[in-house]
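Residue-level listing of the chains:
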Amino acid sequence: MRYSKDFELKKPHVRKKWDVGDPKNLYPIVLVHGVFGWGTEQMLAPSYWAGAESLDAQARILSPSIGPVSSAHDRAVELFYKLKGGKVDYGDDHSKECGHARFGEECEGLHSTWSEEHPVHFIGHSYGGNTILMLHHLLAEKFFPGHDTNPAWIKSVTTIASPVNGIPFFSSRFWGFSHHGFKRLSVLGLLGTRLLHLIAFLDLTGPKAFIDLRFDHWGLSWRQRGVLGGLQSLLRHDWAAFDSGDFCMDVNVVSTQRLMRAVAISPHVYYYSFTQKLTVDFLGFVLPSPRMMPALVVHCGLSILFGFPASLGGPDEHDHATLREWLHSDGVVPIRG
């Protein structure tokens, strides 16, 4: 299902129009963004996909906006209703377990005829790939009320730099993980999540034109709780997402491997996965290569120092080849991903 390939990026051949290829394969292509990403609904933001959404004059390339830091489950549910239409239903059991509202926004439906007879191609970048695989699982489980779903609703799944086996750095003791899984957020994690909580509380309309955190189902905004209630929630930091794991931190090794075990490969779906190695071996050490984006070098360094997944034990418990697979990465996602 997953293939890794170390490749050199070459100058692309740019087409002015989308080359359809096989005229029988005119199924829409759905682009699914990663963490802190956005779709075409954020009209003031630049294209997340470098303009790929506009390559087809018949609008068969769709780029919906879903929760940029929500869990794979919540994102997958939002993705379904963004395409099919209807009121977002996160599921009764899931919502009670995680502590948020069951229902979300009403969606018009970008592809309301979506079905087994009218499937779609999915392309996911980073966490978008995990989101697609979660949606694949939910379709197989017939999770969506009133819809007789199955994996054949999907024609193909393509993941690009997706941490389908987890990101070691977010699975390490540095973030609060142990051999038994997640214990508590570290200081760094608490600072980051409190900042998100503050943004959700302020609920400023202007920034949403660029990126919308889509936290309405958590009820964190002062518009939903009132100023006093919102401040109390902010000071206590009682955002249940962190205790329930219903947050993008489910990109850790334990959660992602649990998802991969649950996803049943369908004979009706084509699967593709692409990763890139931007690290090098030097005198016995794994180091960032000169080709790596400067913004990722720090993260890569921290991953090499602290990033071996605590849930898998210590590095000494694994052979050299396994350790190298976890350390070599594109700066964030290991080639083992």
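For the structure itself, look to the data block above.
In this report, we go over the structure that sits alongside the text. (Residues numbered from 1 in each chain as written. Predicted model: local features only at pLDDT ≥ 70, side-chain atom pairs only at ≥ 80, totals over all residues. Heavy atoms only, no water.)

Glancing now at the nonpolar core. Burial of nonpolar side chains together is a common tendency in soluble globular proteins. Counting residues in each nonpolar core, the largest one holds 49 residues, and the members touching the most others are Trp114, Phe122 and Leu135. Among the elements of the structure, strand 1 (29–32), helix 1 (72–84), strand 5 (120–125), helix 3 (127–140), strand 6 (154–160), helix 4 (187–202) and helix 7 (253–262) are those that each provide at least two residues to this core. For Leu135, the contacting residues outside a window of four places in its chain are Ala76, Leu79, Phe80, Trp114, Phe122 and Phe144. (Core = buried A, V, L, I, M, F, W, Y, C linked by side-chain atoms within 4.5 Å. Buried < 20%, exposed > 50% of the residue type's maximum accessible area, 1.4 Å probe, protein only. Helix = DSSP H or I, 4+ residues; strand = E, 2+ residues; numbered from the N terminus. Contact = heavy atoms within 4.5 Å.)

This brings us to the packing of helix 3 against helix 7. Relative to each other, helix 3 and helix 7 sit at 40°, their axes nearing to 9 Å. In terms of orientation, helix 3 and helix 7 fall into the oblique class. For the element pair helix 3 and helix 7, the recorded crossing hand is left-handed. Contact residues: helix 3 offers Asn130, Leu133, Met134 and His137, while helix 7 offers Thr256, Leu259, Met260 and Ala262. (Axes fitted to C-alpha atoms, helices over the stretch in contact; angles between N-to-C directions. Parallel < 35°, antiparallel > 145°, perpendicular 65-115°, else oblique. Left-handed = near helix turned anticlockwise from the far one by under 90°.)

Here we take up helix 5 (residues 222–236). With 15 residues, helix 5 extends only 15 Å from end C-alpha to end C-alpha; this falls clearly short of the ideal 21 Å at 1.5 Å per step. A bend of about 85° at Leu228 is the largest found in helix 5. The opening residue of helix 5, the one whose side-chain oxygen lies 2.9 Å from the backbone nitrogen of Arg223, is Ser221. (Expected span 1.5 Å × (residues − 1). Bend = angle between axes of the 7 residues up to and from the residue. Polar contact = N/O pair within 3.5 Å; in protein donor to acceptor, adjacent residues only side chain to side chain.)

With that settled, consider the sheet that holds strand 1. Across the sheet, five strands lie side by side as 2-1-5-6-9; this open sheet has parallel pairing. Only two strands of the sheet have a single neighbouring strand rather than two, namely strand 2 (61–62) and strand 9 (270–274). Across six bridges, the pairing between strand 5 and strand 6 is parallel. Residue pairing across strands places Val120 opposite Ile154, the latter belonging to strand 6. Each of strand 1, strand 2 and strand 5 touches helix 1; the most contacted strand, strand 1, lies at about 145° to it. The strands that helix 3 touches are strand 1, strand 5, strand 6 and strand 9; relative to strand 5, the one it contacts most, it runs at about 140°. (Pairing = 2+ DSSP bridges.)

These figures capture arrangement, not role.
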